Each structure stands twice: as structure tokens, then as C-alpha cells.
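Chain by chain, the residues:
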Amino acid sequence: MSDSEHYDPLTPRRREGANTQERRMPRGVVIRLIAYLVAGHVIAAFLFLLFSVAGKG
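Just so we're clear, the structure is a prediction, and the values are computed from it rather than from any experiment. (Residues numbered from 1 in each chain as written. Predicted model: local features only at pLDDT ≥ 70, side-chain atom pairs only at ≥ 80, totals over all residues. Heavy atoms only, no water.)

Colleague: Explain the overall build of the chain to me, using residue names and the numbers behind them.
Modeller: Secondary structure assignment for the chain yields one helix and zero strands. When burial is assessed residue by residue, the chain has 0% of its 57 residues classed as buried. For the chain, the accessible surface area stands at approximately 6,300 Å², while carbon and sulfur atoms represent 62% of it. (Helix = DSSP H or I, 4+ residues; strand = E, 2+ residues; numbered from the N terminus. Buried < 20%, exposed > 50% of the residue type's maximum accessible area, 1.4 Å probe, protein only. Areas by Shrake-Rupley, 256 points an atom, 1.4 Å probe, with all protein chains shown as cover.)

Colleague: Give me the lowdown on the environment of His41, citing residues and values where you can.
Modeller: Tracing the backbone shows His41 in helix α1 (residues 27–55). Among the polar contacts made by the side chain of His41, one reaches the main-chain carbonyl oxygen of Leu37 at a distance of 2.7 Å. (Polar contact = N/O pair within 3.5 Å; in protein donor to acceptor, adjacent residues only side chain to side chain.)

Colleague: Any chance you could break down a nonpolar patch on the surface for me, citing the residues and the numbers?
Modeller: On the surface, Met25, Val29, Val30, Leu33, Ile34, Leu37, Val38 and Val42 cluster together to form a nonpolar patch covering roughly 690 Å² of accessible area. Relative to the helices and strands, Val30 is located in helix α1. Accessibility expressed as a relative area gives 33% for Val30, which makes it partly exposed. (Patch = residues over 30% accessible without salt bridge, like charges linked within 9 Å, V, L, I, M, F, W, Y side chains within 5 Å. Salt bridge = Lys/Arg side-chain N within 4 Å of Asp/Glu carboxyl O.)

What follows is the structure in C-alpha cells.
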């Protein structure tokens, strides 16, 4: 039997010793992470302002 009988053209060939995990995060995940961090800090700043103004009264 030859290797051509088991050849699948849709499966990419893996190099020996190649890392199988992706090295970078997908762009959508990075954008979502930044948006959540910004939104979380804005909400925290608003709550801080709210409590600091209410505490002086």
C-alpha cells in the first residue's frame, strides 16, 4: 500500500516539531476584552463618584 491511498487534501500537513496551538488570541476576543475593561472602569469611576458625593452630604 502506498501513502497516496490515505492522503487527504483538505487536511493541512503538519511539520515535525511544529507547535499545534495558536500563538495569538483572535482579534474579536482582544477587542471584547478591551471593551469590558474600559466599561468596567467607567462603571467603577461612576460608583466612586456617586459614593464620594453622597458621603459628603
